[in-house]
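Listed here are the chains, written in short residue letters.
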Amino acid sequence: MAGQESLPLRRLKEFQPLNRLTDDQLVLLASRAERRTHGPGQRVLERGVRDGLDFFLIAGKVELESLDGRKSIIEAETEKAHNPIARLQPRMYDVTAVKPSEFLVVEQEILNQLLRSAPVEQVEMDSGEGAGGMESEEHHLLMEFLSELRSNQVKLPSVPDVAWKVRRAVDREESTADQVALAVSADPAMAAKLVRACNSPLYRGFSDVRNVREAVVRLGMRTTRQLVTVFSMREVFKTRQASLQKEMEKLWRHSREVAALCWVLADHATRLNPEEALLAGLLHDIGVVPILVQAEHHVNLFADEANLSHAIRELRADVGTAVLENWSFPPAFVEAVRHAEDWGYECREASPQLVDVVIVAQLHSMIGSSQNAELPPFDQVPAYRRLGELELNASRSLQLLTEARARVDEVQQLLAIR
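Residues numbered from 1 in each chain as written. Predicted model: local features only at pLDDT ≥ 70, side-chain atom pairs only at ≥ 80, totals over all residues. Heavy atoms only, no water.

S.K.: What exactly am I supposed to notice about the overall build of the protein here?
M.R.: Along the protein, the regular secondary structure elements total 20 helices and 5 strands. Taking all 418 residues of the protein together, the buried fraction comes to 55%. At a minimum sequence separation of 6, the contacts of the protein that also span at least 24 residues come to 71%. Summing over all exposed atoms, the protein offers an accessible surface of approximately 18900 Å²; the carbon and sulfur share of this is 47%. (Helix = DSSP H or I, 4+ residues; strand = E, 2+ residues; numbered from the N terminus. Buried < 20%, exposed > 50% of the residue type's maximum accessible area, 1.4 Å probe, protein only. Contact = heavy atoms within 4.5 Å. Areas by Shrake-Rupley, 256 points an atom, 1.4 Å probe, with all protein chains shown as cover.)

S.K.: Explain the nonpolar core to me, please; I cannot follow it from the model alone.
M.R.: The nonpolar side chains of a soluble globular protein tend to be buried with one another. Counting residues in each nonpolar core, the largest one holds 92 residues, and the members touching the most others are Leu194, Leu278, Leu283, Ile286, Leu324 and Trp327. With 13 residues, the top contributor of residues to this core is helix 11 (residues 242–269). Residue contributions to this core reach at least three from each of two domains, namely domain 2 (155–236) and domain 3 (238–416). In contact with Leu278, not counting residues within four places along its chain, are Leu227, Val230, Ala259, Ala260, Cys262, Trp263, Val411, Leu414 and Leu415. (Core = buried A, V, L, I, M, F, W, Y, C linked by side-chain atoms within 4.5 Å. Domains from an automatic or database assignment.)

S.K.: What am I meant to see in unusual backbone geometry here?
M.R.: If a residue is not glycine, its phi is most likely negative; likewise, a peptide bond is most likely trans. Residue Pro17 follows Gln16 across a cis peptide bond; omega there is 5°. Phi angles above zero are rare outside glycine, and Glu77 is one such case at about 65°.

S.K.: Honestly, the pattern of salt bridges in this entry has me stumped. Any pointers?
M.R.: Pairing is possible between side chains of opposite charge, provided their charged atoms come close. In the structure shown here, the tally under the stated rule is 16 salt bridges. Ionic pairing is found between Arg316 and Asp285, a salt bridge with its closest N-O pair at 2.8 Å. Note that Arg316 is positioned in helix 15 (residues 305–326) and Asp285 in the loop between helix 12 (274–283) and helix 13 (288–295), a separation of 31 residues in sequence. For Arg316, a relative accessible area of 5% corresponds to the buried category. Here the salt bridges share partners, and the residues they tie into one network are Arg43, Arg47 and Asp94. (Salt bridge = Lys/Arg side-chain N within 4 Å of Asp/Glu carboxyl O.)

S.K.: I keep staring at the packing of helix 7 (residues 177–185) against helix 10 (residues 221–236) and nothing clicks. Help me out?
M.R.: In a pair of packed helices, the angle between the axes and the distance between the axes together describe the arrangement. Where helix 7 contacts helix 10, the two axes come as close as 11 Å, and the packing angle between them is 10°. As summarised for this structure, helix 7 and helix 10 are arranged roughly parallel, according to the angle between their axes. Of the residues in helix 10, those touching helix 7 at Ala177, Val180 and Val184 are Met221, Thr224 and Val228. Here the contact of helix 7 with helix 10 is composed, by residue class, of 5 nonpolar, 1 polar and no charged. (Axes fitted to C-alpha atoms, helices over the stretch in contact; angles between N-to-C directions. Parallel < 35°, antiparallel > 145°, perpendicular 65-115°, else oblique. Nonpolar A, V, L, I, M, F, W, Y, C, P; charged D, E, K, R; others polar.)

S.K.: So what exactly am I meant to see when it comes to the pairing of strand 3 (residues 53–65) here?
M.R.: Regular strands place side chains that alternate from one sheet face to the opposite one. Here strand 3 pairs with strand 5 (residues 94–107) via 11 bridges, running antiparallel. Bridge assignment links Leu53 to a residue of strand 5, and that residue is Glu107. (Pairing = 2+ DSSP bridges.)

S.K.: Even after reading the chapter, I still don't get the packing of aromatic side chains, so can you show me in this structure?
M.R.: For any pair of aromatic rings, the description consists of the separation of the ring centres together with the inter-plane angle of the planes. On inspection of all chains with the given rule, the structure shows 5 aromatic pairs. Ring geometry for Phe237 and Trp252: centres 5.2 Å apart, planes at 55°, overall tilted. Of this pair, Phe237 sits in the loop between helix 10 and helix 11 while Trp252 sits in helix 11, and the two are 15 residues apart along the sequence. Ring-pair connections join several aromatic residues into one group, and the members of that group are Trp327, Phe329 and Phe333. Looking at Arg167, its charged tip hangs above the ring of Trp164, at a distance of 4.7 Å from the centre. Arg167 extends its terminal NZ or CZ atom over the ring of Phe329, reaching a point 4.6 Å from the ring centre. (Phe/Tyr/Trp six-rings, centres within 6.5 Å; stacked < 30°, edge-to-face > 60°. Lys NZ or Arg CZ within 6 Å of the ring centre and 35° of its normal.)

Below is the structure:
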């Protein structure tokens, strides 16, 4: 960093997980880091590369492009720039500077070492809880997860094979309904679910469909792909460990309710595809799945509901983002997972996005629950106001969902198909 002014500590603390380090650790990190600049149009990172580095965007704007050609923009000093750029390795995106950009580049191993040695008090201070054995156990899980997640050591759940095959078939421009039906039929259980879904009240036509090909034709390629992914997600929320399955079932019920609300909100108040909203709602807490699995190895933490809940709050967004990036999901889904419980988040896109629908669905799902007292007034939530720019507003919101209760129940029944 010779010849360049060091970043002030307050600036470093804007980045995650640098905000978990002490001032002394941040000074040490800064002395071991490198500052790099890139001009407009210059390639910063290449997809497929494994370089062991983290890039924090200090200034400028970059474009991320995924394997399927989808693009997203990250600008310095915005919410999206708080985390390392395209951090998973091998890299999942090509990253190009849109305008002059500057990065703080850190070796992941150095950062991991500092995170492992970060004092317990740093996390406890953030959580507002006192010192003690439970907090130490929680801190251990947090640090272990952050370290292992960044070095790709956390075992993330995988998308069931049938969902990958159908996605690849649908994404090929030359694919036919017969070819997509063949991909679905490779999994007889999935084929049966798709036919039952097509004959459900949500999608039923003048007559019942009799086979997978007829279902694909009626639903269309895009809806078929989304529904197959939706049905395959049920397997992700399962575990062989009896002590965890109760938590997994609770998580699935909540995810299913939010998904149903997302479908109805998208259908009534946006121009978004309802099946995409359904899937986004189903996935909004996907980051909790590997956390629950990992928590089994921390007996004290898992036994204490308050500590486990705090660990989930701290990690769910980072882990969920990592899962969806690992699955090569589009940025709109990743954004929805990262900010599902960030009531103050305001998307930069002009029109409502999946993240808006998920946030508002979450708010509705929590009404009347033990978390109700913690919820902000609806009209103070940016996502709620953004939906209100179309057909949803404060006076209509609960009335709309009450009137749509039958449709919510239909979506719930769809998700319960076995």
